[in-house]
Amino acid sequence: MAKKDNISKTEHFGIQRKIVANMTTESWQNIPHVTYTYEPDVTEFMAQYKHLNEGVEKENKITVNTLMLKVICEGLKACPAMNAHIEFDSKFVRGHINTLNEINISMPMVLPTGEMMTINLHNFENKNLEEMVEYIKDVHRRMENTDLNEVMFDVSLDNTLTGLKQGKIKQTLRRLIGSKTGKHRVKTLKGKEKREYEAIPESDRLTKHDIEQGSITISNIGSVYREQRGAAALIEIIPPQVTAIAVGAVQDKPVVVVNENDEKEIAIRQVLPFTIVFDHRALDFGDIVPFIKKLDEIFEEPEIMFEWKGEKTISDTEIEELKVERVERETKFEESKKREKAKRDADKNALKAAEKAEKAEADAEKAFKEAEERAERAEKELAEATEKADKKALREAEKAEKDAYEAEEKAKREIEKIKKEAAEKAERAMKEAEDKKEKALRDAEKAREEALAKADKARQEAEKKRLDAEEKKAKALSDADKFKKEALDKALKEKEKAQLELEKAKQEASELAEKAREAKEKAAAFLENKEN
């Protein structure tokens, strides 16, 4: 306990604080609370709200608070289980839940004196926005003529009498002692003041009917401090209600959105936190899902608010135009994400194209080098084969007699001709391979330069024509890949052709050598016949 010299002020509970303390204590002692923070994206909803008060006088304007009450009422109509009272006997473990037809909202409001009072806003289930505004205006009007202690005492007395009827004698006696004796005595009007106060018509002041328990409690903490950056973590449920809702302030927050490629991205959007608290004895989380889904529908198609207004101040055509504007904003938002992605993809593709061009050039050089090596091997094999055939022909010619001289000379001439033709073909094949290699290199270099030029041009046009330029760049890169591929395919085909020609030359040389052998055999046979 604090020391007396450390206390700057002592203030005993008034009746309002006593009732609040009593009700909240009972709430936390008896109710198993479950809390859920719902954070919808209200960017477009708030954009449409700006049009809701066009042409409306200041005192009749629809506040965000009133609009949120209507949104919540629509959610409660979709989820009646949240608009209920519960009775539960823990001793005998039995109870029941009464789902209510009327949506009577218990809402904390500030009195002209600065004190807080929870007002019961009756029958909000079917009221339009203008009717809600008039109702709340009337409440504020009657507040100015209301004595908080008097109306609170009426409610407290009524609760005490109800407890007495239920056999709660000890509780009744304690409350009477606490409110009528000592420092904690509740001060109410007496005598002339009380008669004058009671002379005020009930239609001009608040009564216990206006502050009795509603079907649900809704606190707008966002209206207390609009610049707040958080949300209520937990609020108490006032028995016998089963639900309480705290509405926060609209805040700019980074939100995860999904672009056209099903990729997640971060965007700055307006978010309005709701704290939904429910009595676990009456509800499970699945029971409040219809409420959340209904609010999702409203925030996704906010033009519904114009149907709630009452007197129609905006035409269906204007509503449709606002809807079109909203869709255009959402479309531009999506397109901005597409443009950013297209730019990143184009730069990435340009880099890939340059890498492919370099790789294609390296592959072409490698292929030409391999072709040149194959040609050299073919020439060497041809030379060896020719040399071998020459030696064999000379050995066979030496054995031949003079009568075979002409045949031998003819065979030599044929061999020389074969060698010359083979050498010429090999030389032509080498020259063609070299020409094709140079041409392929030129084509590859040209294709690379064209690809780079087109990619550069596409990037420049992207700054001017945005998405169209990106498509042209992609096309230029695609053409570059196509040209490179065609150049490589052509070079490979020419190499294969050169190889085939070399193989054919070798085959022809082999065939001529075979003919020379046959000629020598005929010459030998001729000499043998001549000797015989």
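About the cut-offs
- Residues numbered from 1 in each chain as written.
- Predicted model: local features only at pLDDT ≥ 70, side-chain atom pairs only at ≥ 80, totals over all residues.
- Heavy atoms only, no water.
- Patch = residues over 30% accessible without salt bridge, like charges linked within 9 Å, V, L, I, M, F, W, Y side chains within 5 Å.
- Areas by Shrake-Rupley, 256 points an atom, 1.4 Å probe, with all protein chains shown as cover.
- Salt bridge = Lys/Arg side-chain N within 4 Å of Asp/Glu carboxyl O.
- Lys, Arg positive; Asp, Glu negative; His and termini not counted.
- Charge placed at Lys NZ, Arg CZ, Asp CG, Glu CD.
- Helix = DSSP H or I, 4+ residues; strand = E, 2+ residues; numbered from the N terminus.
- Buried < 20%, exposed > 50% of the residue type's maximum accessible area, 1.4 Å probe, protein only.
- Polar contact = N/O pair within 3.5 Å; in protein donor to acceptor, adjacent residues only side chain to side chain.
- Contact = heavy atoms within 4.5 Å.
- Axes fitted to C-alpha atoms, helices over the stretch in contact; angles between N-to-C directions.
- Parallel < 35°, antiparallel > 145°, perpendicular 65-115°, else oblique.
- Left-handed = near helix turned anticlockwise from the far one by under 90°.
- Nonpolar A, V, L, I, M, F, W, Y, C, P; charged D, E, K, R; others polar.
- 1 Å grid on protein atoms, 1.4 Å probe; cavity = no way out; pocket = protein on both sides within 12 Å on 5 of 7 lines; lining within 4 Å.
- Points joined across faces, edges and corners; volume = space filled by probe spheres on them.
- Pairing = 2+ DSSP bridges.
- Core = buried A, V, L, I, M, F, W, Y, C linked by side-chain atoms within 4.5 Å.

Together, Glu373, Glu376, Glu379, Glu421, Glu424 and Glu427 line one region of the surface with negative charge. The set of elements that each furnish at least two residues to the negative patch consists of helix H10 (316–399) and helix H11 (405–465). Tracing the chain through its elements places Glu373 in helix H10. Here Glu373 falls in the partly exposed class, since its relative accessible area comes to 34%.

Tracing the sequence through the fold places Asp279 in strand E10 (residues 274–279). Of note is the side chain of Asp279, whose polar atom sits 2.8 Å from the side chain of Arg281. Apart from the residues lying within four places of it in its own chain, the contact partners of Asp279 are Ile31, Pro32, Ile86, Ile237 and Val242.

With that settled, the discussion passes to unusual backbone geometry. Of note, the bond from Pro239 into Pro240 is cis; its omega dihedral lies within 30 degrees of zero at 10°. Even without being glycine, Val93 reaches a positive phi, approximately 50°. With respect to the helices and strands, the residue Val93 is situated in the loop between strand E2 (84–89) and strand E3 (94–99).

Here helix H3 (residues 64–78) crosses helix H9 (residues 285–300) at 135°, and the two axes come no closer than 8 Å. Compared by their axis directions, H3 and H9 come out oblique. Crossing of H3 over H9 shows right-handed handedness. For the pair H3 and H9, the contacting residues are Met68, Val71, Ile72, Glu74, Gly75, Leu76 and Ala78 in the first and Pro290, Phe291, Lys294, Leu295, Ile298 and Phe299 in the second. Broken down by class, the residue content of the contact of H3 with H9 amounts to 10 nonpolar, 1 polar and 2 charged.

Let us now look at the layout of surface pockets. When its volume is computed, the second largest pocket comes out at roughly 810 Å³. Contributing to the lining of the second largest pocket are 32 residues, with Thr63, Asn65, Asn220, Ser223 and Arg226 lying nearest its centre. Looking at the lining of the second largest pocket, the elements with two or more residues in it are H3, strand E4 (105–110), strand E5 (116–121), helix H4 (129–143) and strand E6 (216–220). A breakdown of the residues in the lining of the second largest pocket according to their chemical character gives 18 nonpolar, 9 polar and 5 charged.

A separate point is the pattern of salt bridges. What the rule picks out here adds up to 16 salt bridges. As a salt-bridge pair, Lys194 and Glu198 come within 3.5 Å of each other at their nearest N and O atoms. Of this pair, Lys194 and Glu198 both sit in helix H7 (residues 191–199), separated by 4 residues, roughly a single helical turn. A residue is classified by how much of its surface remains accessible, and Glu198, at 47% relative accessible area, is partly exposed. With a shortest N-O distance of 2.8 Å, Asp279 and Arg281 are connected by a salt bridge.

Moving on: the pairing of E5. As defined by bridge partners, E4 adjoins E5 across 6 bridges and the pair is classed as antiparallel. Looking across to E5, one finds that Met107 is bridged to Ile119. With antiparallel pairing between neighbouring strands as the criterion, E4 and E5 make up a hairpin whose turn holds 5 residues, including Gly114 at a positive phi of roughly 95°.

Taken together, the 6 strands give an open sheet; going across it, the order is E1-E10-E7-E6-E4-E5, and neighbouring strands pair in mixed fashion. Each edge of the open sheet is held by one strand with a lone partner, namely strand E1 (33–38) and E5. Within the sheet, the average angular offset between the axes of one strand and its neighbour, ignoring direction, is 25°. With 4 bridges connecting them, E6 and strand E7 (residues 243–247) associate as parallel partners. Opposite Ser219, over in E7, you have Ala246 as the bridge partner. Helix-sheet contacts for H9 involve E1, E7 and E10, and the interaxial angle to E10 is about 155°.

Time to look at the nonpolar core. The biggest cluster of nonpolar side chains holds 60 residues, and the ones touching the most others in it are Phe45, Ile105, Phe274 and Phe291. Every residue in contact with Phe45, bar those within four places of it in the chain, is listed here: Leu67, Met68, Val71, Ile298, Phe299, Pro302 and Met305. Membership of the second largest hydrophobic core comes to 7 residues, among which are Ile31, Ile235, Ala246 and Val277.

For Ser27, the location among the structural elements is in helix H1 (residues 15–30). Between the C-alpha atom of Ser27 and that of Ile237, which follows or precedes it by 210 residues, the distance is 6.1 Å. With near-sequence residues (within four places) excluded, Ser27 lies in contact with His33, Glu236, Ile237 and Pro239.

Bringing the packing of helix H2 (residues 43–52) against H3 into the picture now. Helix-helix packing is described using two parameters, namely the angle between the two axes and the distance between the axes. Where H2 meets H3, the axes come as close as 12 Å, and the angle between the chain directions of the two elements is 115°. The handedness of the crossing between H2 and H3 comes out as right-handed. Residue-level contacts link Phe45, Met46, Tyr49 and Leu52 of H2 to Val64, Leu67, Met68 and Val71 of H3. Split into classes, the residues belonging to the contact of H2 with H3 amount to 8 nonpolar, no polar and no charged.

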